[in-house]
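Read off the chains here:
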Amino acid sequence: MSDHLSPPPPVPPVPSPSLPPVPGPAQASAGLPLQAGPYPANQFGSPAPGPFPGGQFAGAPGAHTGPAAYLGAPIPPRSRAGSHVLGVVMALVLGPLAFMLLVFGTAIWRNSQARALETPWFAFGLLAAAAISLGLVAWWNYRSSAGAATLAVMWVGSGLLALMEPESIGTVTRALGDLFSYQAEMGAASVLYSQVPLLIGVCFAGAAGAASIARRRGRADGRRGGIASRSGGVPVPPRSRVLAHIAASLASACLAIIAWAASATYINDVWMMRSGSNWLALIVAVVALVLIPVLGAWSSLGPAVAGGAWLGALVAIIVLPPWSQDFLAPVATVASWLGGPPFAEAMIIPARDGLAPAIVGVLLGSALGTHFARRDGRAIERSERRLTTT
């Protein structure tokens, strides 16, 4: 009976497969090299945790949580589809709003100037609101150029239609007069006959292209800095952009003077009802207003300097009318080369017809948009590099 009560012989243990050591804070503090993932699955069928970008580990303070954090995988860059949609919505909402603000602001300013009334501060407020609305669309270029491109198509298309079919301007102005008032009809005629939408639209086109180029250049900078780090060398510092800042600032300052003089020359010829419009002045204004924001792809100081110059002229016209003639004297000289009036009094036309406030908003917003678009490109490149190296 004692034989039946004896315990069974012990079962030999089954050897478990050897697993690589899981790195942790203790291993890092000991100065041991950290082994990069991926790691094989353990005996429970789940993968072993690996290191995070930047030296974080599962369970470490400040580490991400969730499946991606447990696997040690970097978070992929967010989709920009929502930014594209929001940019288009901003263009479709803020674009018509800015146009109506320009119409009423221009009408009130012209009416007060014709009747020698007091300073139309309400008109200046409307024009400032229009500039801010357009500047927001240009600023959103740092996330998506879709909004600026949408406004460029809308406003350039309307400007070209007005050039090819001048009768369409009368249709639009009469419709606005019936819908709002006679003042709105006069303001719309001033804005449309002066080709303000066309000039604003080409400026938006340049801003959209500049933001796309700046984002690509930012990615190239991030890619260039990551080549040496992936090969085990020292990361390459970004190249100096001092020369780009200086060249873009000087070129934009010159183009700002040319654009103001050319637009004033063309608008003056239109309202003086000369036999033939000064097409050379219009072409020069279009080219200058495209090139100024495009220079922001190399340095955002370019459109910032040009926008600041236009803003200074606008403030001088509004706040210091006697001094504005001295401020605009170089502009009048350039206008005389294009066949325009050689006196500074005629140079206030772009401000009165709503062009100058709108261009100020677009240029300053474009400067911010291209600056942050370049940074956004570098951030996207770093994020994608973590995906490919982990």
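Only a predicted model underlies this, so the values are computations on that prediction, with no experimental measurement involved.

Conventions and cut-offs
Residues numbered from 1 in each chain as written. Predicted model: local features only at pLDDT ≥ 70, side-chain atom pairs only at ≥ 80, totals over all residues. Heavy atoms only, no water. Axes fitted to C-alpha atoms, helices over the stretch in contact; angles between N-to-C directions. Helix = DSSP H or I, 4+ residues; strand = E, 2+ residues; numbered from the N terminus. Parallel < 35°, antiparallel > 145°, perpendicular 65-115°, else oblique. Left-handed = near helix turned anticlockwise from the far one by under 90°. Contact = heavy atoms within 4.5 Å. Nonpolar A, V, L, I, M, F, W, Y, C, P; charged D, E, K, R; others polar. Phe/Tyr/Trp six-rings, centres within 6.5 Å; stacked < 30°, edge-to-face > 60°. Buried < 20%, exposed > 50% of the residue type's maximum accessible area, 1.4 Å probe, protein only. pLDDT = per-residue confidence, 0-100. Patch = residues over 30% accessible without salt bridge, like charges linked within 9 Å, V, L, I, M, F, W, Y side chains within 5 Å. Areas by Shrake-Rupley, 256 points an atom, 1.4 Å probe, with all protein chains shown as cover. Salt bridge = Lys/Arg side-chain N within 4 Å of Asp/Glu carboxyl O. Expected span 1.5 Å × (residues − 1). Arc of directions from axis to C-beta.

Asker: What am I meant to see in the packing of helix α7 (residues 167-179) against helix α8 (residues 182-193) here?
Answerer: A packed helix pair is summarised by two numbers, namely the angle formed by the two axes and the spacing between the axes. Remark: α7 packs on α8, axes separated minimally by 7 Å, with the N-to-C direction vectors making an angle of 155 degrees. Overall, the two elements α7 and α8 adopt an arrangement that is roughly antiparallel. Of the two elements, α7 crosses α8, and the hand of that crossing is right-handed. Residues Ile169, Gly170, Val172, Thr173, Arg174, Leu176 and Gly177 of α7 pack against Tyr182, Ala184, Glu185, Ala188, Ala189, Leu192 and Tyr193 of α8. Looking at the contact of α7 with α8, its residues break down into nine nonpolar, three polar and two charged.

Asker: Looking at this model, I keep getting lost on the packing of aromatic side chains. Mind explaining?
Answerer: Two descriptors summarise a pair of aromatic rings, namely the distance from one centre to the other and the angle between the planes of the rings. In this structure the tally under the stated criterion is nine aromatic pairs. Considering the side-chain rings of Phe99 and Trp155, the 6.4 Å spacing of their centres and the 90 degrees angle between planes classify their relative orientation as edge-to-face. Taken as a pair, Phe99 in helix α4 (residues 81-114) and Trp155 in helix α6 (residues 146-164) lie far apart in primary sequence, 56 residues in all. For the residue pair Phe99 and Trp155, the accessibility class agrees, reading buried in each case. Among the aromatic side chains, those forming a connected cluster through ring pairs are Trp139, Trp140, Tyr142 and Phe372.

Asker: Any chance you could explain the side chain of Thr173 here in plain terms?
Answerer: On the secondary structure map, Thr173 appears in helix α7. Here Thr173 is in contact with Glu185, Ala188, Ala189 and Leu192, once residues within four sequence places are set aside.

Asker: What is the right way to read the confidence of the model for the protein from this model?
Answerer: Detailed reading of predicted coordinates is not advised where the pLDDT is low. Per-residue pLDDT for the protein averages 77, and the proportion of residues at 70 or more is 69%. Note that residues 22-72 has pLDDT below 50 and, in this model, 63 contacts with residues that lie over four places away or in other chains.

Asker: Got a minute to help me understand unusual backbone geometry in this structure?
Answerer: One can expect most non-glycine residues to show negative phi and most peptide bonds to be in trans. Not every positive phi belongs to a glycine, and Gln195 is a case in point at roughly 60 degrees. In this structure, Gln195 sits in the loop between α8 and α9 (196-230). Using a relative accessible area of 2% as the deciding quantity, one classes Gln195 as buried.

Asker: Please explain a nonpolar patch on the surface as it appears in this structure.
Answerer: Taken together, the side chains of Val85, Leu86, Val89, Leu92, Val93 and Met154 make up a nonpolar region of the molecular surface, amounting to roughly 500 Å² of accessible area. Of the residues forming the nonpolar patch, the biggest block, five residues, is contributed by α4. Here Leu92 lies in helix α4.

Asker: What's the story with α6 in this structure? I'm lost.
Answerer: In an α-helix, one full turn covers 3.6 residues, which means residues spaced three or four apart are oriented alike. Its 19 residues place the ends of α6 27 Å apart at the C-alpha level, agreeing with the 27 Å of an ideal helix rising 1.5 Å per residue. Buried within α6 we find Gly147, Ala148, Thr150, Leu151, Ala152, Trp155, Val156, Gly159 and Ala162.

Asker: Is there a simple way to explain helix α11 (residues 279-294) in this structure?
Answerer: If you check α11, its first and last C-alpha atoms are 23 Å apart, about what 16 residues at 1.5 Å a residue would give, namely 22 Å. Listed as buried for α11 are Ala281, Leu282, Ala285, Ala288, Leu289, Ile292 and Pro293. Summarising the axial view, the buried residues of α11 lie within an arc of 130 degrees, below the 170-degree limit, and thus occupy one face. Facing away from the buried side of α11 by over 90 degrees, the exposed positions are Leu280 and Ile283.

Asker: Any chance you could explain the pattern of salt bridges here in plain terms?
Answerer: A side chain with one charge may pair with a side chain of the opposite charge, provided their charged atoms come close. Overall, the coordinates contain two salt bridges when judged by the stated rule. Residues Arg110 and Asp353 are paired through a salt bridge, measuring 3.1 Å at the closest nitrogen-oxygen approach. One end of the pair, Arg110, is in helix α4; the other, Asp353, is in the loop between α15 (349-352) and α16 (355-389), and 243 residues separate them in sequence. Note that Asp353 and Arg352 form a salt bridge whose closest N and O atoms lie 3.7 Å from each other. Of the residues examined, Asp353 reaches a relative accessible area of 0% and is grouped as buried. For Arg352, a relative accessible area of 14% corresponds to the buried category.

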